[in-house]
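Structural features, examined
Residues per chain are reported as follows:
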There are 2 protein chains.
Amino acid sequence: MKKVVVIGGGTGNFAVLSGLRNYHVDLSAIVSMADDGGSTGVLRDELGVLPPGDVRQCLVALSDSSRLMRSLMNYRFENGGLGGHSFGNLLLSALEKVTGSFEKAVEEAGRILSIKGKVIPVTTNPVRLKMVLSNQKILEGEKEVHLSEEIHKGYKSIFLEPFPDVNKRAIDEIMNADVIILGPGGLYTSLIPNLLVEGISKALRDTQAKKIYIANLINKRGQTPLFKVSDYLREIQRYIGKDIFDFLIVNEGKPPQELIKAYALEGDLVHNNLTGARIVSADLLSSGLKEIQKSDRLQRNLIRHDPQKLAQELMKIVNSL
Amino acid sequence: MKKVVVIGGGTGNFAVLSGLRNYHVDLSAIVSMADDGGSTGVLRDELGVLPPGDVRQCLVALSDSSRLMRSLMNYRFENGGLGGHSFGNLLLSALEKVTGSFEKAVEEAGRILSIKGKVIPVTTNPVRLKMVLSNQKILEGEKEVHLSEEIHKGYKSIFLEPFPDVNKRAIDEIMNADVIILGPGGLYTSLIPNLLVEGISKALRDTQAKKIYIANLINKRGQTPLFKVSDYLREIQRYIGKDIFDFLIVNEGKPPQELIKAYALEGDLVHNNLTGARIVSADLLSSGLKEIQKSDRLQRNLIRHDPQKLAQELMKIVNSL
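What you see is a predicted model, and the numbers here were worked out from it, not measured in a lab.

With 26 residues of chain B at the interface, the matching set in chain A holds 26 residues. The contact between chain B and chain A buries some 2,300 Å² in all, and 82% of this surface belongs to carbon and sulfur atoms. Counting every contact that joins chain B to chain A gives zero salt bridges. Counting across the chain B and chain A interface gives two residue pairs in polar contact (both at pLDDT 80 or more). Broken down by secondary-structure element, the contributors of at least two residues to the side of chain B that touches chain A are α2 (38-47), α4 (67-74), α5 (87-99) and α6 (102-112) of chain B. If one sorts the elements of the side of chain B that touches chain A by residue count, α5(B) sits on top with nine residues.

See the structure below:
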């Protein structure tokens, strides 16, 4: 069974993992731990736990349990002191308190949800993402980075604070992988935060695994406007140190004009400007709304990757190895 | 396999169920639905759900899952908007929201916790317990009844509002039981609220099952001061309509003098003033604190029934049938 490692955090991971779950592969998800918005941010502040949100999404994506259990994990309380919290976040936070360890909590939640594969936090230190912009402004926390519309004007640095220890299991996964998948996902909020943990970039350079980059569908307004696939590669390369990718998966499907219009406020479509044997171009768009998850973020993204189409392209590569 | 039905709510049920779980019997717990204090009260008010607290305790008592899962269910968040909520209560409330039904929520939680037996809410209507005292004062809600120290001066009536429909499954359980166990538990807050649901008392009079009453260890200050076993029976008989009990299980163990002193503020020891073949008298006291549950209520009760001793006496009766 081929070992496939997916690196990211959030919605992008969800699409890749939930598509690949149906195939005969040994799946691992390495998850960024910089999230501090929404329910996750409140739990970090009030309970002092590690951020559960992105891990929850990966667990649900890999879960083999009933549809009900998966809905339960994404269920958000609406009122009172619980308002805004997703149940899965509370499960992970309570498990962290009861077991005394976030990693044990993730493991136990994985058992409750009968997950296929593993979910591995890239670090288990409590880190915050920080970004210093060219105009001297400092963005404190992933939430501020996520909301910023000034990043495209230039930034000086992006880093995690305090400087974290890497989770050694993440390094092992990368070194033992047959295939590593990076993306899709927020460039500054989901992908790069993984690369900022010491040891990850080196492992990505050193591993014998085939590396696949999946390009985003939409550029984020104020952050990566008019970025082409080459621009994403260039940014990622700054952190990994070289162009490691054996395959680049890009979308060639065209969303309906109304959707593009509706998205104008969020950002423009990512276009591919590269050619060559490593480019895998296919229609990867989700056609309907029928499978929208009950998570805020996913509900918003109507131009989305179709997990099945994505998995088909990925499995063609995996099976060719 | 003998069918044993336990009627009550709260801590008393917990002791009986967790003791009987280890024996080869078909167990059901019928649970009062009048709780409105603490975490349960906040969830009722803020989310409009049915009261999860007593059901949670029964589920944990019947759970065959790991110690960790049981600790998780009783884990209470300490800070912020979640402060005071036990995780199990949140699980039941989220499941009620996701499934649209409290009964389905209880069933699903039972599956997650691998329970042995069934937990059945006596009604699935949102009811409040009310009590009109002889001095005209009205106690609104189980919490006010629980805290009152005037009940011993006399009360005019106790009722549920709005008048609830009985859960037909509770009637079926009673009619098909081999053994029915009432108590131990708060007389006005756990036992009688079950008897106030139409149909329960009639079923208890009509069923062919052997009925066992387990006397409390401690009289509740301001509610049942100096009550003897006969006083409890008399009060219960007012609601059932006749003395139905084939067996009365009473404690003959003596708690250490320091504990009795420490309890002086809570209430006095219950003494047995009855004789006859139906009296089963045994040392039923828990000897240590080692198995104290992480639930507020249980932690307070240091003079408690030992689940194993209780189960041994109960099983002698069950096996003699």
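That shown, we press on.
Of the transformation superimposing chain B on chain A, the axial component is 0.0 Å and the angular component is 179°, with the fit at an RMSD of 0.0 Å. Such a combination of turn and shift is consistent with a two-fold rotation axis. When C-alpha positions in chain B are compared against the rotation axis, the closest is assigned to Gly81(B), at 2.1 Å.

Further remarks concern the environment of Leu284(B). Residue and element names in this part refer to chain B. In this fold, Leu284 is placed in the loop between β10 (279-282) and α13 (296-300). Along the primary structure Leu284 and Ala311 are separated by 27 residues, whereas in three dimensions their C-alpha atoms are 9.5 Å apart. When neighbours within four sequence positions are excluded, Leu284 is seen to be in contact with Ile249, Val250, Asn251, Arg304, His305, Asp306, Lys309, Leu310 and Glu313.

Moving on to the sheet that holds strand β3 (residues 118-121) of chain B. Residues and elements named next belong to chain B. Spatially, β3-β2-β1-β7-β8-β9-β10 is the arrangement adopted by the seven strands of the open sheet, whose pairing is parallel. Each edge of the open sheet is held by one strand with a lone partner, namely β3 and β10. Averaged over all neighbouring strand pairs, the angle between strand axes comes to 20°, with direction disregarded. Sheet topology places strand β9 (residues 247-251) next to β10; four bridges connect them, and they run parallel. Each bridged residue has a counterpart across the sheet, and for Val250 the counterpart in β10 is Ser281. Packing against the sheet, helix α11 (residues 229-240) makes contact with β7 (179-182), β8 (210-214) and β9, and its axis sits at approximately 125° to β8.

What counts, and at which threshold
Residues numbered from 1 in each chain as written. Chains lettered and ligands numbered in written order. Predicted model: local features only at pLDDT ≥ 70, side-chain atom pairs only at ≥ 80, totals over all residues. Heavy atoms only, no water. Contact = heavy atoms within 4.5 Å. Buried area = accessible area lost by both parts, 1.4 Å probe. Salt bridge = Lys/Arg side-chain N within 4 Å of Asp/Glu carboxyl O. Polar contact = N/O pair within 3.5 Å; in protein donor to acceptor, adjacent residues only side chain to side chain. Helix = DSSP H or I, 4+ residues; strand = E, 2+ residues; numbered from the N terminus. Least-squares fit on C-alpha atoms with pLDDT ≥ 70 in both. Pairing = 2+ DSSP bridges. Axes fitted to C-alpha atoms, helices over the stretch in contact; angles between N-to-C directions.

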